[in-house]
Each structure stands twice: as structure tokens, then as C-alpha cells.
Amino acid sequence: MTGRARARSRGRARGQETAAPGVTPFQETAREAPPSEGELVGRGRQRTAPGAVSSEAVIQISAGFQQVKIGERGGRRRDFHDAGINTRQAMEHVRESKSGFSGSPIELKANFFKILSRPQWVLYQYHVDFKPVMESRRLRSALMYQHEETLGKARTFDGALLFLPHKLHNTETVLYSETRMGEKVQITVTLTNELPPTSPVCLQFYNIIFRRVLRMLNMQQIGRHYYNPTDPLNIPQHRLTIWPGFTSTILQYESNIMLCTDVSHKVLRSETVLSFMMGLRQQSGDQRFPEACTKELVGLIVLTKYNNKTYRIDDIAWDHTPNNTFKRGDSEISFKDYYKAQYGLDITDGNQVLLISHMKKIGPSGGPPQGPAMLVPEFCYLTGLTDKMRADFNIMKDLSTHTRLTPEQREGRLNRFVGNIHQNTEAQTELNTWGLNFDNKLLSLTGRVLPSERIVQGSRTYEYNPWQADWSKEMRGIPLISCRPLENWLMFFTRRNNDVAQALLQTLNKVSTPLGIRMQRAIMVEYEDRQESLLRALQQNVKKETQMVVVVLPSNRKDKYDSVKKYLCVDCPTPSQCVVARTLCKQQALMTVATKIALQINCKMGGELWSVEIPLKQLMIVGIDCYHDTAAGKRSIGALVASLNQGMSRWFSKCVLQNRGQEIMDGLKVALQGALKAWLKHNNCLPSRIIVYRDGVGDGMLQSVVNYEVPQIMESIKTMGHDYAPKLTLVVVKKRISSRFFARIDGKLTNPPPGTCIDTEVTRPEWYDFFIVSQAVRMGSVSPTHYNVVYDSSGLKPDHMQRLTYKLCHMYYNWQGIIRVPAPCQYAHKLAFLVGQSIHREPNMNLDDFLYYL
Amino acid sequence: MNTIFTPPLYIQRYEFVIDFVKKNKPKKVVDLGCNDCTLLRKLKFHKEIELLAGLDIDCAVIRAKMYELAPIPTDYLQPGDHPLTIELYQGSVTERDPRTKGFDLVTSIELIEHLQLEDVDRFTEVVFGYMAPVAAIISTPNADFNPLLPGLTGFRHYDHKFEWTKVEFQTWALKVCREFGYVVAFTGVGQIPAQEESIGFCSQIGVFQIDRSGGDAPRLQNNVLYNVVYPSLCDSNIFQRTLVNEVLYWAETLKREWLEEIRFEVENEEVGGEGRTDMGLYREGQSVCVPLVRLCSCPRVQALSGTVQHLTKFLLENSRVQLTNDGTAVVLVDNDDEDLEWDENCDNTGTGPFLVSSVENEDWETELGQ
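Described below are features of the structure shown in this document. (Residues numbered from 1 in each chain as written. Chains lettered and ligands numbered in written order. Predicted model: local features only at pLDDT ≥ 70, side-chain atom pairs only at ≥ 80, totals over all residues. Heavy atoms only, no water.)

### Remarks on the side chain of A:Ser643
Residues and elements named next belong to chain A.
- Tracing the chain through its elements places Ser643 in strand β30 (residues 635-643).
- The exposure class assigned to Ser643 is buried, which follows from its relative accessible area of 0%.
- Discounting chain neighbours no more than four positions away, the residues touching Ser643 are Leu619, Met620, Ile621, Met648, Arg650, Trp651 and Trp679. (Helix = DSSP H or I, 4+ residues; strand = E, 2+ residues; numbered from the N terminus. Buried < 20%, exposed > 50% of the residue type's maximum accessible area, 1.4 Å probe, protein only. Contact = heavy atoms within 4.5 Å.)

### Concerning helix α18 (residues 664-683) of chain A
Residue and element names in this part refer to chain A.
- If you check α18, its first and last C-alpha atoms are 28 Å apart, about what 20 residues at 1.5 Å a residue would give, namely 28 Å.
- Among all positions in α18, only Ile664, Met665, Gly667, Leu668, Lys669, Ala671, Leu672, Gln673, Ala675, Leu676, Ala678 and Trp679 are buried.
- Phi for Asn684, located one or two positions after α18, is positive at around 60 degrees. (Expected span 1.5 Å × (residues − 1).)

### Observations concerning the nonpolar core
- One finds A:Trp489, A:Met491, A:Leu504, A:Tyr693 and A:Tyr827 to be the most contacted residues of the largest nonpolar core, which totals 95 residues.
- With 9 residues, helix α21 (residues 823-839) of chain A is the largest single contributor of residues to this core.
- Ranked by size, the runner-up nonpolar core spans 41 residues in total, among them B:Leu84, B:Leu105, B:Val189 and B:Val207. (Core = buried A, V, L, I, M, F, W, Y, C linked by side-chain atoms within 4.5 Å.)

### Overview of the pattern of salt bridges
All names here are of chain A.
- Summed over the entire model, instances satisfying the criterion amount to 36 salt bridges over all chains.
- Of the charged contacts in the structure, one is a salt bridge between Lys340 and Asp346, with a shortest N-O distance of 3.2 Å.
- On the basis of relative accessibility, which here comes to 34%, the residue Lys340 falls in the partly exposed class.
- The salt bridge involving Lys560 is made with Asp529; its shortest N-O contact spans 2.9 Å. You can see Lys560 sitting in helix α15 (residues 558-571) and its partner Asp529 sitting in the loop between β26 (523-526) and α14 (531-541), a full 31 residues away along the chain. (Salt bridge = Lys/Arg side-chain N within 4 Å of Asp/Glu carboxyl O.)

### With respect to the side chain of A:Arg694
All names here are of chain A.
- Along the chain, Arg694 falls in strand β32 (residues 689-694).
- Here the side chain of Arg694 touches Glu709 through a polar contact of 2.8 Å, side chain to side chain.
- Excluding anything up to four places from it in sequence, Arg694 contacts Ile624, Cys626, Ile664, Glu709, Leu730, Val731, Val732 and Val733. (Polar contact = N/O pair within 3.5 Å; in protein donor to acceptor, adjacent residues only side chain to side chain.)

### Side note on the sheet that holds strand β28 (residues 576-580) of chain A
Residue and element names in this part refer to chain A.
- Taken in spatial order, the 4 strands line up as β26-β25-β27-β28 in an open sheet, and their pairing is parallel. Whereas interior strands pair on both sides, the edge strands pair on one side only; in this sheet they are β26 and β28. Put simply, the sheet's adjacent strands are angled 20 degrees from each other on average, direction ignored.
- Bridging between strand β25 (residues 489-493) and β26 involves 4 bridges; their strand directions are parallel. (Pairing = 2+ DSSP bridges. Axes fitted to C-alpha atoms, helices over the stretch in contact; angles between N-to-C directions.)

### Observations concerning the sheet that holds strand β9 (residues 282-284) of chain B
Residue and element names in this part refer to chain B.
- Pairing is antiparallel in the open sheet, where 3 strands are placed in the order β9-β10-β11. Every other strand in the sheet has two partners, leaving β9 and β11 (329-333) as the edge strands with one partner each. Within the sheet, the average angular offset between the axes of one strand and its neighbour, ignoring direction, is 35 degrees.
- Two elements, strand β10 (residues 287-291) and β11, share 5 bridges in a ladder whose sense is antiparallel. Bridge pairing links Val288 to Leu332 in β11.

### Examining the environment of A:Lys131
Residues and elements named next belong to chain A.
- Relative to the helices and strands, Lys131 resides in strand β3 (residues 123-131).
- Its relative accessible area of 58% is what places Lys131 among the exposed residues.
- With 338 residues separating them along the chain, Lys131 and Ala469 place their C-alpha atoms 68 Å apart.
- Residues in contact with Lys131, not counting those within four places in the same chain, are Lys184, Val185 and Gln186.

Right, dumping it as C-alpha cells:
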């Protein structure tokens, strides 16, 4: 896989592959194209002259069969499931078992359905040869169609490989077809493989069959998933349409082949890009329109009115209108005439500019990628949300009321979905011809609830309610581990917010004493409600000795926030805290708000809040995440956060900006060395164990983490000294997964309690992986986090690995409770997000030892 | 073989049909021998057509691509004004099939030459006697043209049972007209500029128009391979939903603009901010009311509902839109203030038996034996 593909955003639609800068399409084709005639599939071990296939040969052949891809229409597909990457094998201590034992067992249900197939089910793979050679794949398929009586109804043919659910009478069958031109063609169909149900090709095959079934249920494919368009939910205020649908994958899980399916919602806009652009022009004015337009649109995925494809907007062609022409065949035709002639579509606005989408798909017959596609805004519909919408609390609230499902609602939808498949005759016929079916109820399995943790705060320890996973009440009145006295600090406010600023100051004073924070009175600075005057006020008042800057912002508009952060993170490194005035307006909430602010201020200056017991010495925990800045030339931002002490309460943070095509790890290598040096400074020794939690790995990118990042990290460690060889563990953390777990408590289906750990049945046999539900959610269904230990020389027991991971979820200082991922991952995320959203530059290194980005 | 024409001959044939459809606007069109539905895929973009059908004897070729006729996501996002149903049947053109009755246009593109001559008579009877469409387009190769095709010996396709000359085709067509009451116009596609006039087109086409008015026969629905109804505003549910969405969108937009204007006036200390009536909106308690008259001036709402009276009627039937008591305005709640920063905790987390107390004083290092 290529650099860009690896550094791809998690947030964007997954259906889109990215082209590889610097990698010529030819090389890519050579590696990934479906095997063509003459070159038999398999990897060297395949017999070139297939005869009768003996049973041992089958096993051997199938084992070496990891990379063969079948496409429904012969197209190339990326493997989003990271199948065939066997990392567990290399870790001796988990080869036998990767299960933990702590905690109490809990009965769970998971959103998995077993695949039932006939006993001794085998998929027969045939190689098909045409004589004379037929260039066109379409023609090859057409010629095969003429032999339904011999080959049967159930078959899949991609131009060279033919799959049948039954064995033909002879190993080699010769058929004759005739083309429309009357040319006689000899087709030789030769058995090359008998694939057991668990072979990777079969799994791919099940997925293809399943997609066919979904289409029979009249579901619409958008990207990789299927949605039901007939019963949409609408949020008319924002012109949003939500289609309920399902994500589904069929894979070999720990002990069974199963269908994992989850409810998914597709957000679409019931307006065209043109009407969106017109609205934007009205809002931003002609002057700022091009900039605003680029910012909002680039990176979004659109659907078109005339075909069933999705395009990513890469650019806007400001000098093109529908009256421009393009070359079609031999003649020039305008876009306007083309759409009229081809699709009977009229363009009403002849002055609209066109959108550019770079096509990544290879051209016809494996040629180089086609040039950029020019799209007419009037015929395009936006999908998904823009960053601006995501930041809009009201939109997100409206959305979540529609899309958040309780465990019971979710189970109901899943059961109905599988029920529909069972009731649809067409779907059943398709499945039956292939001898396949699905279990009709959710998988039951047993998990464990890990022991809850004691929170240590200085000399005091306390426990929290494990169901709520929150200790904001418990920690009241208990002094923090360490506090930085606030002696020289500033508070900025506008005249209009004078009252709230004063109220905040008083309340901060009140709440800080029980926390143990000594606080002098802040220097109050008034600024005019303009970005430039705020910046000037900062420049004039923030001095070298200033410890902290608090800014009361009049609104949650981003520009002022950005300029504060830019100045105080880069030019004049000083910890800062921004508060929107409105948050301070509610009298009754002010104590809570002020407490949170006081805690944040303390962390940002290097104070420590609480800790949990970590039963391993000289352990450095590293968290890595990345952010993809679509606006600023698609730069990626990588953040690395590493622990500096035993209690995991001090952290070293570093952020690197990468240019397009560069590996995120290239920059982070240097950051890791910085972290080790900082550890050395704090502890007078180097850590003997390093555990890296790597977040931000997209689907299908696991291979590159294993092959590239692990060696890079080791190399980076080696630079600290020849005899320095710490134990290293790399854990890939994934939040966006479709696995869901439900617990039945008091006869009701609910979310599993925080600390629920699952390491059987739904994990993958080739990985050392587990799930932990660490957080508590108040609405909807909780999503578990998936941990995949891809490299481990620590010898740590799986049980300890799970417990340690769960402990680290307690250590995020911006939330007095348990979070979804280990704290360093969340810190890294927060840092990358701040840099990507607001600063766009590398923060000043004087801040590296502080959690200034909280 | 067809490459001597630009665009290729088969495309010219399709374009001929499409031009006919544009000009004559048939509501119901059936393509006999629809094969892999290429013509149907082109015809589905023509809004005049309400029922588009295809018939072929080979269900495998139909199945190969039939899902490409399905509506695409954007058809649902902005449903069309006109209804469209697409149906595909497996069947023979030489057999009477009640489903094929009552069409405005029957197309049979390069089909008849694949039939045995005796079947052509049955085909003729079925199409013109039984199906009795308002119009029919029949195309077939012109044997007179064959000498002009380089390298051709025998028929143009191995499956052709015959290829008619211009005269043969016209004789057949005129007989059809006499027997079944049609008029025919002869034309075709594919001409070589320098050729003799008398040779005619490469593909000859007869356009038949019925000479009497035919009534719609009831259609039966069985053995249908594929049936898909496109979302359109003619479906009352879809219409209601679309209208309500538009009404709510514009009402919210107007409300926002209005509130902003008031805020601006208050901030600039202009007098009588709330008294302004030129936008027509007004407050009623905690709510903002947007008059239907005002909404009707939004082009899309206007286009959907026509008059204010109609709009009122539609909205009264719908529970998603709240109207004032007198039914003249949409009521919107003014929910402006939301706490953005700190999500208030509404506790509905459970309590249960899984309280495993924490473990103290562990040392994993010693367990590792190090």
C-alpha cells in the first residue's frame, strides 16, 4: 500500500481509494491486478498443469492463498478487513491462548450471526482459457453466459477465474461459443483449486454474495455500505436526510465464520452542491466566497444525479462553466450539451463553476488513471457533514436523537434485518443455490468485567461507582497530587463580559482552595471585541514570567480562539485557557464549570490530578494519533505523547506536520527520541519497557503498521545506545469498529458495564486482540474499543495487557471518569486536533512537558 | 463491422428511438428483445415515460444488468415530478402476453431477423393485432446495403435467419398497415454519403402509427422478472414528506433571518425592533410564527403546493408541522440557548451486580519472574 493511502483520514468515506503520489500506476497494477490468463493464480506453489487435485494438495494450496482477490466485476478492491496479516504467530506467549482471567464473567450478546453452510461445503475454483485470446472481459463474460446448462446458475466469473459451488464432471471441460461476429471460440475450464469454507477467497466470496442479497432487498449502496432509502429520516432545518442502513462484513472470527452487522446511518443532504454554494455566497459575500467555498467543499464526497458513483471533491475549477467543452471521442462537446444528450438533464445555471475530482481508479483495461472528472454542481448532492456542521451543537443534537439507538432498539433492527433476509424469496434462492445461510439470532458469548480501579489522589484513595465510571463527585474536597501555584496570571475579557469574568475569578478562587491550588489574583485585561485587538492585548500583556492566560471569549467563533492559540502555542509559549462567556452565564453551573477550569489550568501548568496503581516499573507508555488537515493541502499531523513517571501523571507531547505522501512515522521517530531523552532527564535512566498505543490506523492499513512502523520505532529506540534494548509492545487501537456488545440485566438488554473485556469468539484467530468497553454512555449503545497487539516482546500476560490498558483509560485529565481509549491516545488526539484545526504549525518546544492542549 | 459509421450504428439506432420519444412523448414504452437493457437504461432519463418495460426470451441476459435500472440514491433525495415504473418480463415476442397490451410505443430493434420467417408472421399478429400499440418502431438490416460492408459474406450475424432487402421490408410493412390499420413511414440509420440513393440505409426502420384510437387494456402482473417503482412526487407519501421538509426548512430559515434582524436592531438600539412587520413573522409566547402566505413565496414551496389554500390543506393533514389555531402560520419553538460546553449529565446508567472491587498491591513484574 502506498503512503497516502496509509495516511488517509479516518473521517472520510471509506469507499474511496487514494492514489499514490510517486508510485506509478503501472507498478500498482502489476502488484494488485487480478491474475490474468497464462499466469495461474496462487503463489508459486500452484501446479502449472493442474490434474486431479489430491486432498493434501488442497490444504497446501489454500494456505498460500492469502492475496488472491476476486472482484465482483473484476475491479480492484482494497482489503478493508486486514485479513491475512498474521501477527499472533510471532508472539510465542499468546500462541496457545490470548485470554485473560481477571474479573467476573458476564453473559453478553454480540451483533454477529453465524454462517451456516452445508457440511463438506467446498467452493470450486476453475481457470478459464479462451482460444483465441479474448481481450475484453465483458466479451469473456458474455461467452460464458452461453453455457448455463453446463455451468449452472450459481457462478461467479471475473474474466479469468470461475467459481462454482459444485464440481464439474471433468477436471477439464472444453466448451465452444460464438461471438456476435460469428467467431468461434474455444473455452477451456480447468479445475485448479478446491477451497474450504475458511479460505480467504471463500470469505471474499461470501461478502460478494451477501452484497447481492442486500441489493435484492432494494438497498442502496453508498461507499461500502448499504442503506434503505424508502424510509428516510429528515432534519429539514438543515436539509439533512438520514438513511438507515447496515454495515456488514463476513469474516473468519476466532472459532466461526460470522456475519458482523451493525446499524449505520448515512447522512445525505437533500440539496445540490449548487444550492449549497449559492447559500454560502450569500453568507460570506462575493469577496470571501472562493476561500469559504474551497474550505467547505474540498474533501467532501458527492453523489451525482445521473450515475451511481461517489466522487470526492478535490478542487474547484473557477475558470470552468458548463459551457466549456471536453473531448468526447473525436469531437469536442460542451458539458451542457453532453448532459442533455446523454441523460436528458438540463443545466439551469450556465455560470456555475465546476468541481474537480481526481479519479483514482485505473483506466479501462488497466491503463493509467483517467484524468480528473469535472462535475456540475447542479447535478451533485453532498453526503456526510462538513466540519462546520460537526461543530454545530444543534445539528449534532438533532442528529443524535435520530441515530442514537438504545441496545434494545439496536437488537430489534438487527433481528429485523436478518429476518428480512430469511423472508425474502429471491434472497433465499440466491443463498440456497450457493448452499449458504445465516443463523437467525445474535451470538451469545461470555465476557469478563475487569476489576474497578482505585483512584489515588495524593495520600487519599477512593473508589467510584463502576456503572457510572465517573468520579467528579468523589474527588470533591480531596487535594490534587500536585499543584502549581498561580502567582502571575492574566484574564482577558470584553467590556460586555466584565461581570462574568469577575464572577469567574471569584469562583475560581473559591474552588481552588479545597483542590490545594494556591491562587493569586489575576491581572484583569479588557480587550475590544475584535480579533486584532485581542491579539494586540496579548502581545502587550503576556510576559516571559506569565504562567497562565485565561481568555473569556464573547462567542464560540473559531477565529479568535485560533489566534489566541496560535500566538500562545507558537510565538509566545504560554499555557492558556479559553472560555466562552455563555458557559459562565448560568449561575447554578458556575461552580462546576470553575472547578473544571481550575483542574485544566493546573494540568496545563504541569500539575498532576490523580493516578491509578501501575504494577510495572520503568514503564513508558506512548500514545500516537494523527489528524488529516484537508483544507491545508491535505497535510497530516502526527502527535506523540509519552509518559514521564510511574503514576502516568506527567507527559511529554510532540506534534509533527507531514507533507502529502510522507509517512507519519518519519516525523514521529524523532519525537520518540525526544520522549526517551525527556524520560532520561526525569528518571535518570531509560525505560525498560515501552508500550505504544497507536490510534488513527484506518481500515486496511494494518499491514503498513506491522511492516513499516514497528521497525521504525525499533530503529528510533536503538539511537539511544547500542546496549539499550527495552521490551517493546505495539498496540493498534481502533474506535471505529462495528462490533457491539449487549448485556442482559434484569431481563432488559443494556450496555455492558465499564470494564467489560471480550477476548474470545469475536476476536480474530490470527491476531492477539481483545475488546474493552471502558466508558459509560448515558444515551444510545456503547461502542467497544478494539485493541490489537501487533508486536510484543514484553512477555506480559494477556490478562495484564488488558488490565493495564483499562487502567490507562482512567488517566485522562480532561474528564473525571473513564474514557474510550488509553489516556495517551486521547492526549495525542487532542494535540493533533488543536494543531490541525487552529495552529497549523508546530508548537513551541518549551511547552513539550505540559498538557497545554487540553 | 459497424465501425464505418460514426457514431456507431447501434448508437444511431438508439438515438433514433430517443428522438422519437422526445418528439412524441409516449407514456408507456416497451422494448421487445431488450437484451441487456441498454436501450431501457437510456430511455429511463426521459421524463415523459411513466411505464418502461422490456421483454426478452432469455432471462439470463436480462438478469445480468437489470439492477442498473434501479433508482440511484439521488432519485430518493430529490424525487422527480413524474412517476416511473420499470418492469422486465421474460417472454416470447411470438406469444400473446396480456402484460404487453396497451403501450404507446413498442420498439423492436434488430429483432425480427433473429426469428424464423414463420415466426415473423406470428410476431406481426402479436404486435399489431394483439398488443396494438399507438406506435411501433421496427428496425432490421437492409440486405441491399450488404455489398457496401467490407469483408462481409453471408449475413451480418451468425444468428440471423434472414436479411430483407428494402423492397421486402416495405412489402411486409405495407401488408401490416393494411391488415391492422396502421400507417408507416420508412426511414433508417447509417448512410454512406457517396452511395446511391436507391440502396437506402444500412439499418432500415419502419415507424408505424395506429390509424384508430385504442383503449387501455387492463394489465396483468405475473412472471415479472423485475419491477421497480421510482420515487416520485406522485406518490402521496413522498409528496407529503418533500413538502413538509421544504416548509420546515424555509420556515426555519425565515425565523433565523428574522431573529437576527431583531437582534441587530436591539444591538444598535433602534426603536421598535419587534414591531417590524415587513417580514410578516411574529411571536406568540415562546414560539415564532411564520405565516403560510410568506412561505408560499418561496419558489420551491410554491411549486409544490400551488396556492396558499392548498398548502394549508396539506399541512393540516400532517402532524409534523404545527399550525396556529387559525391555520394561517407555522409555529416554531424558539430554542436558541443551548449549553455548548458541558454536556449535562442525564443519568440513566444502570446499576447492577458487577461490582468487582479493586485489587490492591499487585506487582506484575514478580509474576513475570523478573
